[in-house]
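Architecture at a glance
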Amino acid sequence: MPEYLAQTLSRLSGCTVTVADLGLSHGPQSGAEHLGVVDVATAFSRSVVSTDLSPSEIDELESGIDELAIAYPTRRPEELWDEAMEHRQHAHALLHHRRHTLREGREIARCAGMLSVILAWLSHDGGRQQAVEAWAVDATAHGQQADAPEVIAWAEDVLATDALYDNRPLDALTAATRGLAVAPRSGDASIRLTAQVARAQARLGNAEGFADAARRTEALCSNLTACWSGLFRADKAQIGSFNASSYLWLDRPREAQSAALDSISHYRSLEAPAVAPTRLAVAELDLALAQTALGEPDEAVRAGLSALGGERLVHAIVGRAEYLGRELRRRHPARTSVTEFLELVHGLRKTLESTPVR
């Protein structure tokens, strides 16, 4: 009986429990000792594959990530926040409050990291820089534990974008370079981060650095789709939009106009839900800035108004529109259309600030 009790407790606890641990004495010696060792070994092997999870629970996390990535460009950040947070909290509960195997734990950690990247993007859309950084740090920590470098790469991608829109190009370049160091070669994250390096170099005024990174990006683009294919994908229209911004920063408005028009054409050729209204609006604002620099204020105002009439108005778009308004006022201060545009942007800023993303 003492041996039987020790063996049973070993199986239940996953740890070796001896008769002495129980404060009991051995009965007559027999083959029971040998059987006890076998049972302990069996208990170890059973423990390492023991789980309370069903296969569908991790699959549901994966599906949630895919659905959020597809819905991201067309739904407002405040609409997606609760859904994304619910999935993220569920991943935390599975990881820390449910028994799972080591393999399952790594997969849950990877899902948690990707969900934190999505929350970082939603925070970026809401203009909450500290929250962007916090979610990116969380994504990186979980990506490291999951041995999933692509999670870390996507976290650096959102940090690079947020830094650029916050006028911190050196931070953007640093984030993009860190991401490239771990991103799987020739994957979408690697392509996006190479393009991020290009526009960060342009924002820093480094034409040579931009040209080098832009060439490397172009070499990776042969297999990309023309337009939007998901939050965690790269596409040619997006790269073209990145280039439009870069040409503006390098004071090459003609090239910026051409790149912006090309991206706009791609985005407008799509039907919902494939349209990416935020990226379309950014391309239209870049077109407007190019037209402003080329002495075409009326065309610039029209393009700016089109951008602000999109379905998904976020802080990055309003911030870019504010910059357009300042450029229009600097170059064409007497135009009524410019004054009206500035008033519209000011009103949109107030509206955004009254409905913040959590």
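Please refer to the structure higher up on the page.
Not measured: the values here are computed from a predicted model.

Re empty space enclosed by the protein
- Counted by the stated rule, this structure contains one cavity of 30 Å³ or more.
- Counted as a void, the largest cavity has a volume near 280 Å³.
- Tyr72, Trp121, Gln238, Thr278 and Arg279 are the residues nearest the centre of the largest cavity, which is lined by 23 residues in total.
- Of all the secondary structure elements, the ones that give two or more residues to the lining of the largest cavity are helix H5 (102-125), helix H7 (149-165), helix H9 (188-203), helix H11 (236-249) and helix H13 (277-293).
- A per-class count over the lining of the largest cavity returns 11 nonpolar, six polar and six charged.

Quick look at the environment of Ala244
- Along the polypeptide, Ala244 turns up in helix H11.
- Between the C-alpha atom of Ala244 and that of Ala283, which follows or precedes it by 39 residues, the distance is 7.4 Å.
- For Ala244, the residues in contact, after removing those within four places along its chain, are Ala256, Ala259, Ala260 and Asp286.

Topic: unusual backbone geometry
- Here the phi dihedral of Asn167 falls at roughly 60°; this positive angle occurs in a residue that is not glycine.
- Tracing the backbone shows Asn167 in the loop between H7 and helix H8 (169-182).
- Positioned with a positive phi, Asp251 is a non-glycine residue whose angle comes to about 60°.
- With respect to the helices, strands and loops of the structure, Asp251 is situated in the loop between H11 and helix H12 (253-268).

Considering the nonpolar core
- Residues Ile108, Ile118, Leu122 and Phe232 are the most contacted members of the largest nonpolar core, which totals 96 residues.
- Here this core takes 12 residues from H5, the largest share from any one element.
- Core analysis: the next-biggest nonpolar cluster, separate from the first, contains seven residues, Ile191, Leu224, Ala234 and Ile239 among them.

Some words on the side chain of Thr278
- For Thr278, the location among the structural elements is in helix H13.
- Among the polar contacts made by the side chain of Thr278, one reaches the side chain of Arg312 at a distance of 3.0 Å.
- With residues near it in sequence (within four places) discarded, Thr278 still touches Pro73, Arg312, Val314 and Ile317.

Considerations on the layout of surface pockets
- Quantified by volume, the largest pocket comes out at close to 520 Å³.
- A total of seven residues in the lining of the largest pocket trace back to one element, the largest contributor, which is helix H15 (residues 315-331).

Here's the deal with the pattern of salt bridges
- One pass over the full model with this rule turns up 23 salt bridges.
- In this structure, Asp286 engages Arg320 in a salt bridge whose closest nitrogen and oxygen atoms are separated by 2.5 Å. Pair noted here: Asp286 is in helix H13 and Arg320 is in helix H15, with a separation of 34 residues, a long-range link. In terms of burial, Asp286 and Arg320 fall into one category: buried.
- The network of salt bridges with common partners includes Asp162, Asp166, Arg168 and Asp171.

Regarding helix H16 (residues 336-354)
- Taking 1.5 Å per residue as the helical rise, H16 with its 19 residues ought to reach 27 Å, and the 28 Å between its terminal C-alpha atoms agrees with that figure.
- Along H16, the residues that are buried comprise Val338, Phe341, Val345, Leu348, Arg349 and Leu352. With its buried residues spanning 105° around the axis, H16 presents them on a single face. The exposed residues of H16 that point more than 90 degrees off its buried face are Thr336, Glu340, Glu343, Lys350 and Ser354.
- In this structure, the buried residues of H16 make contact with helix H14 (297-308) and H15.

Notes on the packing of aromatic side chains
- Under the defined criterion, the tally for this structure stands at four aromatic pairs.
- Note on Phe210 and Tyr247: the rings are 5.6 Å apart at their centroids and 75° apart in plane angle, and the pair reads as edge-to-face. Linking Phe210 in helix H10 (residues 207-220) with Tyr247 in helix H11, this pair joins segments that are 37 residues apart in sequence.
- You can call Phe210 buried: its relative accessible area is 4%.
- Owing to a relative accessible area of 17%, Tyr247 belongs among the buried residues under this scheme.
- One cation-aromatic arrangement involves Arg199 over Phe242; the distance from NZ or CZ to the ring centre is 3.7 Å.
- If you follow Arg312 out to its NZ or CZ, it ends over the ring of Tyr72, 4.3 Å from the centre.

A closer look at the environment of Arg199
- With respect to the helices and strands, the residue Arg199 is situated in helix H9.
- On the basis of relative accessible area, Arg199 is assigned to the buried category, the value being 2%.
- Note: C-alpha distance between Arg199 and Ala281 (82 residues apart in sequence) is 18 Å.

Rules behind the numbers
- Residues numbered from 1 in each chain as written.
- Predicted model: local features only at pLDDT ≥ 70, side-chain atom pairs only at ≥ 80, totals over all residues.
- Heavy atoms only, no water.
- 1 Å grid on protein atoms, 1.4 Å probe; cavity = no way out; pocket = protein on both sides within 12 Å on 5 of 7 lines; lining within 4 Å.
- Points joined across faces, edges and corners; volume = space filled by probe spheres on them.
- Helix = DSSP H or I, 4+ residues; strand = E, 2+ residues; numbered from the N terminus.
- Nonpolar A, V, L, I, M, F, W, Y, C, P; charged D, E, K, R; others polar.
- Contact = heavy atoms within 4.5 Å.
- Core = buried A, V, L, I, M, F, W, Y, C linked by side-chain atoms within 4.5 Å.
- Buried < 20%, exposed > 50% of the residue type's maximum accessible area, 1.4 Å probe, protein only.
- Polar contact = N/O pair within 3.5 Å; in protein donor to acceptor, adjacent residues only side chain to side chain.
- Salt bridge = Lys/Arg side-chain N within 4 Å of Asp/Glu carboxyl O.
- Expected span 1.5 Å × (residues − 1).
- Arc of directions from axis to C-beta.
- Phe/Tyr/Trp six-rings, centres within 6.5 Å; stacked < 30°, edge-to-face > 60°.
- Lys NZ or Arg CZ within 6 Å of the ring centre and 35° of its normal.

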